[in-house]
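Residue-level structural notes
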Amino acid sequence: MSPPHSFLPRGRRVLGVLAYPALLTATLLVASATLVLDWNPEWVSPLFLAGTVLYLSVLERLIPHRRDWHPDRAEWRWYGVYFALTMAGSVLAQFLVTTAVGKVSPDDPALPLGAEIPAALLSGSLAGYLVHRLGHTNPVLWRLHGVHHVPRKVNVANNGVNHVLDITLAQGVVQLTLALAGFSQKSVLATGFFVTMQGYFVHANVDVRIGRLNHLFASPEQHRLHHSTDLSEAGHYGSDLSCWDHLFGSFTWRPGREPAAVGLSDPSSFPGTGEILASLLRPWRRAKRAGDGIA
């Protein structure tokens, strides 16, 4: 494990303090420019995703939380395949929502955009929290979501390790919630930048501490606990906001708290990350024992 935070060289300490505010600021600037300058989201969104991943990947090398959590060459290949599947799941979710409800976003929403964006963020965050928590407590859904918890590391690259149906379900529920609530496309787009950034940030293997902001935003400190093999501390189902974890009693973080190990409490219950086909087929295989598949 990397040396204690207080013993890091000054430059690394400063970088650890500024890294998240800089990422938040960049996200706000991109979202604002896209709305004000009417940039095409079809090219802004993938560029923003690429920039976020690149930024966090560089930070993982400069200020790693644990050096032994860097992906090796084989893991990079596996993660690349899973990333492609995750993108496919996202596209499928968008297609299903569009097909189911059509274009329901109003041209003239009831709220001004400045109020609509926070409302959309809270609504989408709540939907994401609930479906994520169900992914851990419902045996059927865990057989999908558990694929994400197989790696014994937490880093930017393995954020994309997911079962394609898990991503389709999770993102489909969030998008359907926002669509049926009647939020405008602009508010959903702006919210999407923040949610995308947060999803990769919380997985980053970086020695970044955000202090009291942990009670407002999700962070790597919290999400490492979420991946803990000790289920008593593995709460934190929100990957963007912390308010729902506070409200529903799943907030377990406190300063300095770190998981002893991450991954599955029963590693034999799922195929290894490199067994991609077996992982995709896992939901349809008979459980080995009663209770198998519950996190």
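Re the overall build of the protein
What the protein contains, in helices and strands, is 10 helices and zero strands. Ordering the α and β elements of the protein from the N terminus gives α-α-α-α-α-α-α-α-α-α. The C-alpha radius of gyration of the protein comes to 19 Å, within 12% of the 19 Å expected for a compact globule of 295 residues. Principal axes of the C-alpha set define a box for the protein whose edges measure 55 × 50 × 35 Å. Pairs at least 24 residues apart make up 76% of the contacts formed inside the protein by residues separated by at least 6 positions. Within the protein, one finds 24 positive and 20 negative side-chain charges whose respective centroids are separated by 8 Å.

Considerations on the packing of aromatic side chains
In this structure the tally under the stated criterion is 10 aromatic pairs. Taken together, a centroid distance of 5.8 Å and an interplanar angle of 85° make the contact between Trp-142 and Phe-270 edge-to-face. You can see Trp-142 sitting in helix H5 (residues 139–145) and its partner Phe-270 sitting in the loop between helix H9 (243–247) and helix H10 (276–281), a full 128 residues away along the chain. In this structure, Trp-142 and Phe-270 share a single accessibility class: buried. Put simply, the rings of Tyr-20, Phe-194, Phe-201 and Phe-217 touch in pairs and so form one group of aromatic residues. Seen from the ring of Phe-270, Arg-282 lies directly overhead, with NZ or CZ sitting 4.5 Å from the centre.

Description of the nonpolar core
One broad rule of soluble globular proteins: the nonpolar side chains tend to lie buried together. Formed by 25 residues in total, the largest nonpolar core has its most connected members in Tyr-20, Leu-56, Leu-59, Phe-194, Met-197, Phe-201 and Val-208. Elements with a contribution of two residues or more to this core: helix H1 (10–36), helix H2 (41–62) and helix H7 (185–201). If you look at the next biggest cluster of nonpolar residues, it comprises 10 residues, including Trp-142, Val-147, Val-161 and Ile-276.

Quick word on the pattern of salt bridges
Using the criterion set out here, one finds five salt bridges in the structure. Measuring nitrogen to oxygen at the nearest pair gives 2.7 Å for the salt bridge that ties Asp-68 to Arg-66. Classification of Asp-68 as partly exposed rests on a relative accessible area of 44%. Taking relative accessible area as the criterion, Arg-66 reaches 18% and is therefore assigned buried.

Notes on unusual backbone geometry
At Asp-38, a residue that is not glycine, the phi angle is positive and equals roughly 60°. Within the element layout of this structure, Asp-38 appears in the loop between H1 and H2. Asp-38 gets classed as exposed once you look at its relative accessible area, which sits at 65%. Unlike most non-glycine residues, His-236 shows phi in positive territory, near 55°.

What to know about H7
A rise of 1.5 Å per residue sets the reference length of H7, with its 17 residues, at 24 Å; its end C-alpha atoms lie 24 Å apart and thus fit the reference within 8%. Buried residues of H7: Ser-187, Ala-190, Thr-191, Phe-193, Phe-194, Met-197, Gln-198, Gly-199, Tyr-200 and Phe-201, and no others.

Some points on the side chain of His-149
Looking at the secondary structure, you find His-149 in the loop between H5 and helix H6 (164–181). Among the residues examined, His-149 registers a relative accessible area of 3% and is labelled buried. Leaving out residues up to four positions away in the same chain, His-149 has contacts with His-136, Trp-142, His-226, His-227, Gly-263 and Leu-264.

Observations regarding the environment of Val-164
Following the sequence through the fold, Val-164 ends up in helix H6. As a C-alpha pair, Val-164 and Met-87 span 77 residues in sequence and 8.5 Å in three-dimensional space. Here Val-164 is in contact with Leu-85, Gly-89 and Leu-280, once residues within four sequence places are set aside.

Let's talk about the packing of H2 against H7
The N-to-C vectors of H2 and H7 enclose an angle of 25°; their axes lie 10 Å apart at closest approach. Our classification of the angle between H2 and H7 gives roughly parallel. Once H2 is placed against H7, the crossing between them reads as right-handed. Contact residues: H2 offers Pro-41, Val-44, Ser-45, Phe-48, Leu-49, Thr-52, Val-53 and Leu-56, while H7 offers Leu-189, Phe-193, Thr-196, Met-197, Tyr-200 and Phe-201. Split into classes, the residues belonging to the contact of H2 with H7 amount to 11 nonpolar, three polar and no charged.

Reading the values: the criteria
Within each chain, residues carry numbers counting from 1 in the order of the written sequence. The predicted nature of this model means local features are confined to residues of pLDDT at least 70 and side-chain atom pairs, given and counted, to a pLDDT of 80 or more, with totals for whole chains, interfaces and linings taken over all residues. As a rule here, side-chain values come from all non-hydrogen atoms in the structure, and water together with hydrogens is ignored. To qualify as a helix, a DSSP run of H or I must reach at least 4 residues; to qualify as a strand, a run of E must reach at least 2; elements of each kind are numbered from the N terminus. Based on C-alpha atoms, the radius of gyration is set beside the globule rule, defined as 2.2 Å times the residue count to the power 0.38. A contact between two residues is defined here by any heavy atoms of the two lying within 4.5 Å. Counted as positive: Lys and Arg. Counted as negative: Asp and Glu. His and the chain ends are not counted at all. Lys charges are placed at NZ, Arg charges at CZ, Asp charges at CG and Glu charges at CD. When the centres of two rings from Phe, Tyr and Trp lie within 6.5 Å, Trp using its six-membered ring, the rings pair. Their planes under 30 degrees apart give stacked, over 60 give edge-to-face, and anything left gives tilted. Here the term buried applies to any residue with accessible area under 20% of the maximum for its type, exposed to any over 50%, and partly exposed to those in between, with areas from a 1.4 Å probe on protein chains only. Charge-over-ring contacts are defined here by two conditions on Lys NZ or Arg CZ: a distance within 6 Å of the ring centre and an angle within 35 degrees of the ring normal. The term nonpolar core refers to a set of buried residues drawn from Ala, Val, Leu, Ile, Met, Phe, Trp, Tyr and Cys, joined through side-chain atoms within 4.5 Å. For this document, the term salt bridge refers to a Lys or Arg side-chain nitrogen within 4 Å of an Asp or Glu carboxyl oxygen. Multiplying one less than the number of residues by 1.5 Å gives the expected span of a helix. Axes here refer to lines fitted to C-alpha atoms; in helices the fit is confined to the stretch in contact. Angles between the N-to-C directions go from 0 to 180 degrees. Should an angle lie under 35 degrees it is considered roughly parallel, over 145 roughly antiparallel, and from 65 to 115 roughly perpendicular; all remaining angles are considered oblique. If you view the pair so one helix is near and one far, a crossing is left-handed when the near helix is turned anticlockwise from the far one by less than a right angle, and right-handed when it is turned clockwise. Residue type decides the class: Asp, Glu, Lys and Arg count as charged, Ala, Val, Leu, Ile, Met, Phe, Trp, Tyr, Cys and Pro as nonpolar, and the leftover types, Gly among them, as polar.

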